[in-house]
Structures are given as C-alpha cells and as structure tokens.
Amino acid sequence: MDTATEKAPASHRDKAEALVSLRGIVKIYERGGEQLKILDGLDLEIAKGSYEALMGPSGSGKSTLLNLIAGLDRPTAGSIDIGGKRIDQLNESQLARWRADTIGFIFQSYNLMPVLTAVENVELPLLLTKVPSSERRQRAQTALRVVGLEDRMDHFPRQLSGGQEQRVAIARAIVNDPALIVADEPTGDLDRKSADDILGILEQLNRELGKTIVMVTHDPAAAERAKVIRRLDKGQLK
Amino acid sequence: MTLVGLAARNVLRNKFRAALTVAGVAVAIITFLLLRTVLWAWTAAADYAAKDRVVTRHKVTFIMTLPLSYAQSVRSLPQVKASTFCNWFGGKDPKHDKEFFGSLACDTETGFTVYDDMVVPPDVLDQWKHDAQGAIVGDVIAKKMNWKVGDRVTLQTGIYPKEGDWEFRISGIYQAKSKAVDRSTFIFHWKYLNDNLPANRKDQIGWIVSRVHDPSQAAGVGVAIDKVFDEKEIQTLSQDERAFNASFLASISAVLTAINIISVVILVIMALVLGNTIAMGVRERTNEYGVLKALGFSNKHVVMFIVVEAIVIGVAGGLLGLAIGYPFIEGGLGRFLEENMGSFFPYFKIDPRMSVLAMFLAVALAAAASVIPAISAARLKTVDALKRIA
Ligand SMILES: Nc1ncnc2c1ncn2[C@@H]1O[C@H](COP(=O)(O)OP(=O)(O)O)[C@@H](O)[C@H]1O
Ligand SMILES: [Mg+2]
C-alpha cells in the first residue's frame, strides 16, 4: 500500500482540529562521521481524538518520528506544534515539564520500576504534579481499574505477566489525563491474546474517553484496530 | 510514595551489594575513628598533663641516676613549692609475667603530695607510711591482678637484683583524678628500695618532680634548677610535664603525621569504592532513568535520585560504623590499651566530635562520590538512555 489508509472521516484534516502538526521535519543522525537522514522533509497532522498506527520497515524511523512527536528528541529542521505549542523551540527542562503534562508513554518493554508496586508505578507521574498525596493513590487506583487490574494493585512487576505489566504501563500513561498517548510497539513483546487485550484497552481509551493515540507497530493486525494507518518509508510518510 | 522513598528503595535492589557497600563504609569509619582516637589519646594526654610540675633528670638520659642530695637542692629553691623523687623499679609479678605495669619507688613523705592526681584517702596513706613494705597501686592493675588490701605481692626486677625476693604488701589503691594518669602503677617506699641496695648503689634517684608556685613560670623554673647543677659533675635536664609530653609528641611527629594521612586516605578510598558501586548501579539502571525522564522527571530529579541513594548508603554505613566502633574502640581495644599500655594510652576514648565528623564525612563523601555518576546519568539523552537494556 502506498497511501495512508483512512478508515475514519477526513475531519482530522481540518487544521483547527489538529492536535499534532509537523512541518518539514528533517532528522539527521551522525554516525562515524557519516550523516544519516532518517526523516526527510516530513509533514504530518493528527487530529484530536484520532487513533493512528504508524507502520514501516524496521529502521525506517518510526521510533524517531514518535520520539519527536512526544518531545523526547528534537528535529534537525522543521516545526512541531502540539496543541498549539511549538515544542521544537523548548529547551530540555521545558520539554520535560511539557511531557509530564501532555504525553502518556507506552513502551514496548513496559518499563515499569521494579522496586515499585503496580499502584506506585501508576502514581509515579503524579509526583510531578500538584495533586495532593492522598488523592494520588486514589487516581492511580482508578487508572488501574480502567485497565482491569484492580486486583493486582500491590503486586510488583516481577509478579505480573507481560500483558498485565503492559496494562499497568497504560494506567501510568493515562493517570495524568494527557492530551496525547504515544505507544512504541506496545504489543511487540506480547503473545496474541495479551496483545489483543492491550489493543482492546487502547481502542476503548480512544473511543470512550476520546484519547488521541499514536501507535508505532509492525503488526498488521494491531494497525487494523487504529482509525488511521500511516506508512513511513525513505524518510517520508506515504 | 515519595521521590526520596523511591531512591531509598533502589538501595535495596541488590541486597548483597548494598550490604557489602554498607559494610565497607562501616569498616572505613571504624578505622578512621580508631586512628583518630590514637591521635587524640596522645595529644590529649599532653593537654591533660599537670601544668605546674617540672621533671628533673640526668642530662644524658633517663636511665642514669642522680645523687640523692640533688633532691634537697631542688627543694630548697624558692620557686619550688614541693618536690619528690622516684626510681623506676621495673618490677614484674612472676605469677603474671606477661602483664606490664609501671612500678616506682617514690619518697614516702612527698610522693603523693606532688603526684596529687593519684588520689589516696588520708587513712590509707597513713597506713602505707607505717608499713615499710607497703605499696599503693592503681585501681585497674589491682583489679586485673586481683590484688586486695593486705595481700602479699612479690616482684622481680632486672634493674635492682637482691638476695631474696622483693616483698610487698598492698596498703591501698589510688584513683586517677585526671585522664592523663596511668591507673596501673605500683608505688612503694623509696626507702625500702634504698635500704636493700648494695652500698655502691645507694642514695641514687631516678628523677625529681617539683611543683612550682606559678605554672606559667614552669619552664623558667626548669632552667633555674638546671643552673644549680651546671658546675657539678652530673648535670640535669628539667622540663615541665607539658613540654616533656610535647617533646615526646615531637619525637613521634612523623608517626602522628602518617596516622593523620592514613586516616584521610582511608576515607578517600571509601569514597572511590562507593563511587564505583554507585556508578555500577547507575549503569545497570540507565534505562530506568531514561523512563523517568520520558515521564517528565528532570535532570535534577535524576541527580537527586542517585545522590539520595548514595546518602542512604552513607548514613547506613556511618551508623553501623559507630554502632560497632564504639564498643570495639572504647570497650574492647581501649580497655585493653588502658590496662596494658596505660603509660602510652592512659585514656583511650573516642572524641565525640570525631564521631560526629565521621558520620558527617560518611554522608558527605558518599554524596560527593555519587555526583559524577549522577551527572553523567542525567546528561545522557533520554532517547539514548531508553535504548539501553540492562
Ligand atoms: N541515536 C542515534 N544515532 C544514530 N543513529 C540512530 C540513532 N537512533 C536511531 N538511529 C538510526 O536511525 C534509523 C531509524 O531508527 P528508528 O527510528 O529506531 O527505526 P524504527 O523504529 O523504524 O525501527 C535506524 O537506522 C537507526 O539505526
Ligand atoms: Mg522502533
């Protein structure tokens, strides 16, 4: 397939509704004196409330692009506007602050803190907010209920299955009520059944809670669950 | 849950490593305290020395004796309030010949007047004066040898051979009034010694100790005393006790400096080992710091996490070091040194200021040691940190 597959109405193309807007993004990595142009003048708009899958061959720059959207990295050139804010112009500590407020992360390998219980892991991002400590615990418990883990609150990550760990990670990603959830191969380490559970939760977050989600995946079955599928190839979105 | 709580929990991640590190810090702290206490014991002894006492001895060496008449000459000087004289007896109890204690033959009338920091009750003193073979002993040595008042004690000496044994009777026990006083000395009548010596060795004294009216003039009095004997066949060297102790310290100043340096080196080694352990833990957890940063934690937070972790180790190691160090240094070793080497270490206790300093250093050095790994972890770009798999 050469073009973005759109299963949803084209309303997200409306600029007023765009949550994410990338213009002329260039990302060059230098390795051993050699310059690698991973993203080459890429444009992208993602509407508020959309659920988009980002596909492409391994090494095509999917993670690189997702990290730019999430404010983890800065482009070599181009502008990134998220919810009306030019994040490519923020410095590192401003970006950290911005991520805490705006982005929910879901990683391929869950990345929970092994020394913290499930509910404490979910509480972690709230430590950066003004939410009082009594309320933090409650919010974390609510988020765990959303992902169906109310009976595993006090388990440590090593006591959970991969699918359960990823659900804790999703709870952690939504506990702050972020404007945008980014997920990099969230089902990459999971078996089919657990992967389907995770995809179900993401779908539910999008449909019922209106969360905007960008998910990198190379699993066609996972991508099918998204509203929009985009393909990255040779530094451009097709 | 708090950020500090999370940092503290990371310490227990690798319990074995944490235990080793804490033990390492504790050993360093104990060693530091021990060396510092040795230094303190020596220098404090100099500080506690009586300021108004002047010791006069043979100009050439301590081992050579002075004529008895010198004692009278010194006593008649106007600057001298009181004076006594003693001989070093070098006695040993044949039943406990491994036990070392000082034994002195001192002038009966003046001995405890001049050595007034050895406190003897008046009735005991009186009793002693009336027993030609009587001896007054320190409380520590009495307890160790199990000597009771009235006990007969036989001592042997290589310095003063005698036909038959040197027989004594314990008249009483003295208490130390100051920390500088050896609590293991055996004191008996100079007359008893003198009466039992062959004619050619009679009327010789080891040293003269004088108390002066004006402590600030002690050094000057020493000069005045030596002047009296300047033209005599045997010249003297007089020093106030403080100067005497100071000259002793000066003679071992290289040792003191070495101990001083080693005590610091030990802490530096501790910091390096600690820094390495922290760096190892940080390297293993680089990915986690990446996650924290992705979630919005700042570089400062990451530094804080790592430094707090180090501080927890420093506090734990410091407390453990003090908990073991006190009983070990004061109870075990200190007691042993006071009892067995009382003339070198009459008072072997940890300076409380040193334990505060040791604790502070354990924490401060731990924090300092973690700064480099902490900053390098914080500096790492989030995306790169995330890619590191432990
Ligand atoms: N920090 C970096 N330095 C140099 N090259 C990098 C760096 N990060 C990624 N790359 C390279 O950029 C390309 C795209 O990486 P990535 O975005 O992770 O791909 P994908 O997620 O699509 O598999 C790869 O060739 C990778 O080796
Ligand atoms: Mg990738």
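Overview of the structure.

## Quick look at the overall build of chain A
For step 1, the next point in the chain: For chain A, the count of helices and strands is seven helices and 11 strands.
For step 2, the next point in the chain: Counting only C-alpha atoms, chain A reaches 45 × 40 × 40 Å along its principal axes.
For step 3, the next point in the chain: Across the 238 residues that make up chain A, the buried fraction comes to 56%.
For step 4, the next point in the chain: At a minimum sequence separation of 6, the contacts of chain A that also span at least 24 residues come to 71%.
For step 5, the next point in the chain: Of the roughly 10300 Å² that chain A leaves accessible, carbon and sulfur atoms contribute 46%.
For step 6, the next point in the chain: When the 33 basic and 34 acidic side-chain charges of chain A are each reduced to a single mean position, those positions are 2 Å apart.

## Describing the pattern of salt bridges
For step 1, the next point in the chain: Counted under the stated rule, the structure contains 36 salt bridges over all chains.
For step 2, the next point in the chain: Among the ionic pairs, Arg-139 of chain A bridges to Glu-135 of chain A, the shortest N-O distance being 3.4 Å. Of this pair, Arg-139 of chain A and Glu-135 of chain A both sit in helix α4 (residues 133–146), separated by four residues, roughly a single helical turn.
For step 3, the next point in the chain: The residue Asp-351 of chain B makes a salt bridge to Arg-353 of chain B at a minimum N-O spacing of 2.7 Å.
For step 4, the next point in the chain: Of the residues examined, Arg-353 of chain B reaches a relative accessible area of 59% and is grouped as exposed.
For step 5, the next point in the chain: Sharing partners across several salt bridges, the network here consists of Arg-192, Asp-196, Glu-203, Arg-207, Glu-208, Asp-219 and Arg-225 of chain A.

## Looking at the side chain of Arg-285 of chain B
Residues and elements named next belong to chain B.
For step 1, the next point in the chain: For Arg-285, the position within the fold is in the loop between α10 (253–284) and α11 (286–294).
For step 2, the next point in the chain: Overall, the relative accessible area of 6% leaves Arg-285 in the buried class.
For step 3, the next point in the chain: Excluding residues within four positions of it along the chain, Arg-285 makes contact with Asn-10, Arg-13 and Glu-309.

## Side note on empty space enclosed by the protein
Residues and elements named next belong to chain A.
For step 1, the next point in the chain: The tally for this structure, following the rule as stated, stands at six cavities of 30 Å³ or more.
For step 2, the next point in the chain: Of the volumes computed, that of the largest cavity is approximately 60 Å³.
For step 3, the next point in the chain: Of all elements in the fold, only α2 (92–102), β7 (103–106) and α5 (162–174) reach the threshold of two or more residues within the lining of the largest cavity.
For step 4, the next point in the chain: The element contributing the most residues to the lining of the largest cavity is β7, with three residues.

## Observations regarding the site of ligand 1
For step 1, the next point in the chain: Every one of the 13 residues lining ligand 1 counts as a neighbour, but Gly-59, Lys-62, Ser-63 and Thr-64 of chain A together with Lys-387 of chain B are closest to it.
For step 2, the next point in the chain: Ser-63 of chain A has a polar side-chain atom sitting 2.8 Å from an oxygen atom of ligand 1.
For step 3, the next point in the chain: Computed on the free molecule, ligand 1 has an accessible area of 560 Å², of which 74% lies beneath the protein chains in the complex.
For step 4, the next point in the chain: In this structure the site holding ligand 1 corresponds to the second largest pocket.
For step 5, the next point in the chain: Taken together, the elements giving at least two residues each to the shell around ligand 1 come down to β2 (18–31) and α1 (62–69) of chain A together with α14 (382–387) of chain B.
For step 6, the next point in the chain: It is α1 of chain A that contributes the most residues to the shell around ligand 1, three residues altogether.

## Focus on α11 of chain B
All names here are of chain B.
For step 1, the next point in the chain: Counting buried positions along α11 gives nine out of nine residues, so the element sits mostly inside the fold.
For step 2, the next point in the chain: The complete set of buried residues in α11 reads Thr-286, Asn-287, Glu-288, Tyr-289, Gly-290, Val-291, Leu-292, Lys-293 and Ala-294.
For step 3, the next point in the chain: Directly after α11, the chain includes Gly-296, whose backbone phi takes a positive value near 115°.

## What to know about the environment of Pro-373 of chain B
All names here are of chain B.
For step 1, the next point in the chain: By the element assignment, Pro-373 lies in helix α13 (residues 352–379).
For step 2, the next point in the chain: Its relative accessible area of 8% is what places Pro-373 among the buried residues.
For step 3, the next point in the chain: Considering only alpha carbons, one finds Pro-373 and Ala-26, 347 residues apart in sequence, at a separation of 22 Å.
For step 4, the next point in the chain: Once residues within four sequence positions are removed from consideration, Pro-373 is found in contact with Gly-275, Ile-278, Ala-279, Val-282 and Ile-306.

## Some thoughts on the environment of Gly-163 of chain A
All names here are of chain A.
For step 1, the next point in the chain: Looking at the element boundaries, Gly-163 is found in helix α5.
For step 2, the next point in the chain: By relative accessible area, which is 7% here, Gly-163 ends up buried.
For step 3, the next point in the chain: Sequence separation of Gly-163 and Asp-196 is 33 residues, and the distance between their C-alpha atoms is 9.6 Å.
For step 4, the next point in the chain: When sequence neighbours within four positions are dropped, the list of residues in contact with Gly-163 reads Leu-190, Ser-194 and Ile-198.

## Let's talk about the nonpolar core
For step 1, the next point in the chain: Core analysis: the largest hydrophobic core is formed by 97 residues, its most contacted members being Leu-22, Leu-42, Leu-65, Ile-69 and Leu-124 of chain A together with Phe-297 of chain B.
For step 2, the next point in the chain: The element contributing the most residues to this core is helix α2 (residues 15–48) of chain B, with 12 residues.
For step 3, the next point in the chain: The contact partners of Leu-124 of chain A, leaving out residues within four places of it in the chain, are Met-113 and Leu-116 of chain A together with Met-1, Leu-6, Leu-292, Leu-295 and Phe-297 of chain B.
For step 4, the next point in the chain: The next biggest cluster of nonpolar side chains, apart from the first, holds 40 residues, and it includes Leu-144, Met-153, Ile-174 and Met-215 of chain A.

## A few points about the packing of aromatic side chains
All names here are of chain B.
For step 1, the next point in the chain: Within the structure shown, the criterion is met by 18 aromatic pairs over all chains.
For step 2, the next point in the chain: Ring centres 5.1 Å apart and planes at 90° place the aromatic pair Phe-85 and Trp-190 in the edge-to-face group. One end of the pair, Phe-85, is in strand β3 (residues 80–88); the other, Trp-190, is in helix α7 (residues 190–195), with 105 residues separating them in the sequence.
For step 3, the next point in the chain: Overall, the relative accessible area of 7% leaves Trp-190 in the buried class.
For step 4, the next point in the chain: Summarising the aromatic geometry, the rings of Phe-101 and Trp-147 are spaced 5.7 Å apart at their centres and angled 85° between planes, so their arrangement reads as edge-to-face. Residue Phe-101 is located in the loop between β4 (91–92) and β5 (103–106), and its partner Trp-147 is located in the loop between α6 (139–145) and β8 (152–157); the two are separated by 46 residues in the primary sequence.

About the cut-offs
Residues numbered from 1 in each chain as written. Chains lettered and ligands numbered in written order. Predicted model: local features only at pLDDT ≥ 70, side-chain atom pairs only at ≥ 80, totals over all residues. Heavy atoms only, no water. Helix = DSSP H or I, 4+ residues; strand = E, 2+ residues; numbered from the N terminus. Buried < 20%, exposed > 50% of the residue type's maximum accessible area, 1.4 Å probe, protein only. Contact = heavy atoms within 4.5 Å. Areas by Shrake-Rupley, 256 points an atom, 1.4 Å probe, with all protein chains shown as cover. Lys, Arg positive; Asp, Glu negative; His and termini not counted. Charge placed at Lys NZ, Arg CZ, Asp CG, Glu CD. Salt bridge = Lys/Arg side-chain N within 4 Å of Asp/Glu carboxyl O. 1 Å grid on protein atoms, 1.4 Å probe; cavity = no way out; pocket = protein on both sides within 12 Å on 5 of 7 lines; lining within 4 Å. Points joined across faces, edges and corners; volume = space filled by probe spheres on them. Near = heavy atom within 4 Å. Polar contact = N/O pair within 3.5 Å; in protein donor to acceptor, adjacent residues only side chain to side chain. Sits in = over half its atoms within 2 Å of the grid points. Core = buried A, V, L, I, M, F, W, Y, C linked by side-chain atoms within 4.5 Å. Phe/Tyr/Trp six-rings, centres within 6.5 Å; stacked < 30°, edge-to-face > 60°.

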